[in-house]
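Structural characterization, general
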Amino acid sequence: MDRRPDSNLFFLVDVSGSMSLYNKLPLLKQCLTSLTRGLTERDFVSIVVYSGESRVVLELTSGNDKSEILSTIDSLQSGGSTNGESGIQLAYDLAKKHPRPNGSNRVLLATDGDFNVGVTSTPKLIEMAKKRAKDDHIFLTVLGFGQGNVQDDRMEQLANQVDGAYHYIDSEQEGRKVLIEEMSATLVTTAKDVKPQVELQSHQSEEVTFDWLRQSTVKKSRFPRSYEGCWRHGRRPSSDGVL
């Protein structure tokens, strides 16, 4: 953790009724407890919860004040409906109020993705989150918990559309891996909008590159127009081109 920049971490925790199962809120509390024990004086933490309504249960607190953070985590209980949009707005408002210009400012949304009150459609949630991320320069990490009705697609789309990250946590071991062992990668965005550049130098490299292009999720608009027809019709581009 020593290589991480100073961090303001805003935990946005779903405490609705659907989070009551052992592999949801109880597991989340175990993971947050383990994370808290590794915080330093360079870290500050705030906790926002949401169910039918949203509220701040822990104002921004130094990572050194572990007893206060752990006590708040231990007090979290599930119940009620799920107004995720309200929680996201409040967490971003809080993060905007406490910027960390030379450090990491990140909202960590922990949920099963089952939003059923307020704005519930995935496109509208994405539009709202994208606007807040762009206007407030705050990054987002989404942590998915639970099985069965866990809304993986929704949460992954939400994270991807705001240059964030999505992690599915189904055990304390996975939580430790994501939030402790790989904490720098989880909490710090090292590169935004990375664009690959591949030079075609031989028939072999052409084959590899073409296969990559067909499977890639990178937007086609980022490649020259001369490749659009090849992409669409399954033809290989000429080997003297440079992407």
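You'll find the structure just up there.
Before going into details, it helps to say that this report is about the structure given with it. (Residues numbered from 1 in each chain as written. Predicted model: local features only at pLDDT ≥ 70, side-chain atom pairs only at ≥ 80, totals over all residues. Heavy atoms only, no water.)

The next thing to look at is the nonpolar core. Phe11, Val13, Leu28, Val45, Ile47, Leu143 and Phe145 are the most contacted members of the largest nonpolar core, which has 27 residues in total. Listed by contribution, the elements that provide at least two residues to this core are strand 1 (7-14), helix 1 (25-37), strand 2 (43-50), helix 2 (66-74), strand 4 (104-111), strand 5 (139-145) and helix 6 (172-181). Looking at this core element by element, the count peaks at six residues for helix 1. Leaving out residues up to four positions away in the same chain, leucine 143 has contacts with Leu108, Leu109, Ala110, Thr111, His167, Ile169, Val178 and Leu179. With 24 residues, the next largest nonpolar core counts Leu12, Ala95, Val142 and Ala159 among its residues. (Core = buried A, V, L, I, M, F, W, Y, C linked by side-chain atoms within 4.5 Å. Buried < 20%, exposed > 50% of the residue type's maximum accessible area, 1.4 Å probe, protein only. Helix = DSSP H or I, 4+ residues; strand = E, 2+ residues; numbered from the N terminus. Contact = heavy atoms within 4.5 Å.)

The subject of this paragraph is the packing of helix 3 (residues 84-97) against helix 4 (residues 122-136). To describe two helices that pack against each other, one gives the angle between their axes and the distance between the axes. In contact at an axis separation of 11 Å, helix 3 and helix 4 are set at 0 degrees when each is read in the N-to-C sense. By the angle between their directions, the pair helix 3 and helix 4 is classed as roughly parallel. Residue-level contacts link Glu85, Ile88, Gln89, Tyr92, Asp93 and Lys96 of helix 3 to Leu125, Met128, Ala129, Arg132, Ala133 and Asp136 of helix 4. The residue makeup of the contact of helix 3 with helix 4, split by class, is six nonpolar, one polar and five charged. (Axes fitted to C-alpha atoms, helices over the stretch in contact; angles between N-to-C directions. Parallel < 35°, antiparallel > 145°, perpendicular 65-115°, else oblique. Nonpolar A, V, L, I, M, F, W, Y, C, P; charged D, E, K, R; others polar.)

Bringing helix 6 into the picture now. Within helix 6, burial applies to Gly175, Val178 and Leu179. For helix 6, the angular spread of buried residues about the axis comes to 80 degrees, placing them on one side. Every exposed residue of helix 6 that faces more than 90 degrees away from the buried side is listed here: Gln173 and Glu181. (Arc of directions from axis to C-beta.)

Attention now moves to the pattern of salt bridges. Scanning all chains against the criterion turns up three salt bridges. Here aspartate 6 and arginine 42 are joined by a salt bridge, their closest N and O atoms 3.4 Å apart. You can see aspartate 6 sitting in the segment before strand 1 and its partner arginine 42 sitting in the loop between helix 1 and strand 2, a full 36 residues away along the chain. When its relative accessible area of 30% is taken as the criterion, aspartate 6 is described as partly exposed. Notably, a salt bridge pairs aspartate 6 with arginine 100, separated by 3.7 Å at the nearest N-O pair. Of this pair, aspartate 6 sits in the segment before strand 1 while arginine 100 sits in the loop between helix 3 and strand 4, and the two are 94 residues apart along the sequence. The buried category is assigned to arginine 100, whose relative accessible area is 16%. One salt-bridge network, held together by shared partners, links Asp6, Arg42 and Arg100. (Salt bridge = Lys/Arg side-chain N within 4 Å of Asp/Glu carboxyl O.)

Along the chain, aspartate 170 turns up in the loop between strand 6 (165-169) and helix 6. Distance in space between the C-alpha atoms of aspartate 170 and leucine 27 is 8.1 Å, their sequence separation being 143 residues.

For lysine 29, the position within the fold is in helix 1. Of the side chains bearing the opposite charge, aspartate 74 lies closest to the buried lysine 29, which forms no salt bridge; the N-O distance is 4.8 Å. Discounting chain neighbours no more than four positions away, the residues touching lysine 29 are Ile73, Asp74 and Leu76. (Lys, Arg positive; Asp, Glu negative; His and termini not counted.)

For the rest of this paragraph, the subject is the sheet that holds strand 3 (residues 54-62). A sheet is described by the order of its strands in space; here six strands give the open sequence 3-2-1-4-5-6, paired in mixed fashion. Each edge of the sheet is formed by a strand with only one pairing partner; in this case those strands are strand 3 and strand 6. Along the sheet, successive strands turn relative to each other by an average axial angle of 15 degrees, direction set aside. As defined by bridge partners, strand 2 adjoins strand 3 across six bridges and the pair is classed as antiparallel. The residue of strand 3 that forms the bridge with valine 49 is arginine 55. Running over the sheet, helix 6 touches strand 4, strand 5 and strand 6 and is turned about 155 degrees from strand 6. (Pairing = 2+ DSSP bridges.)

The values are spatial; any link to function lies outside them.
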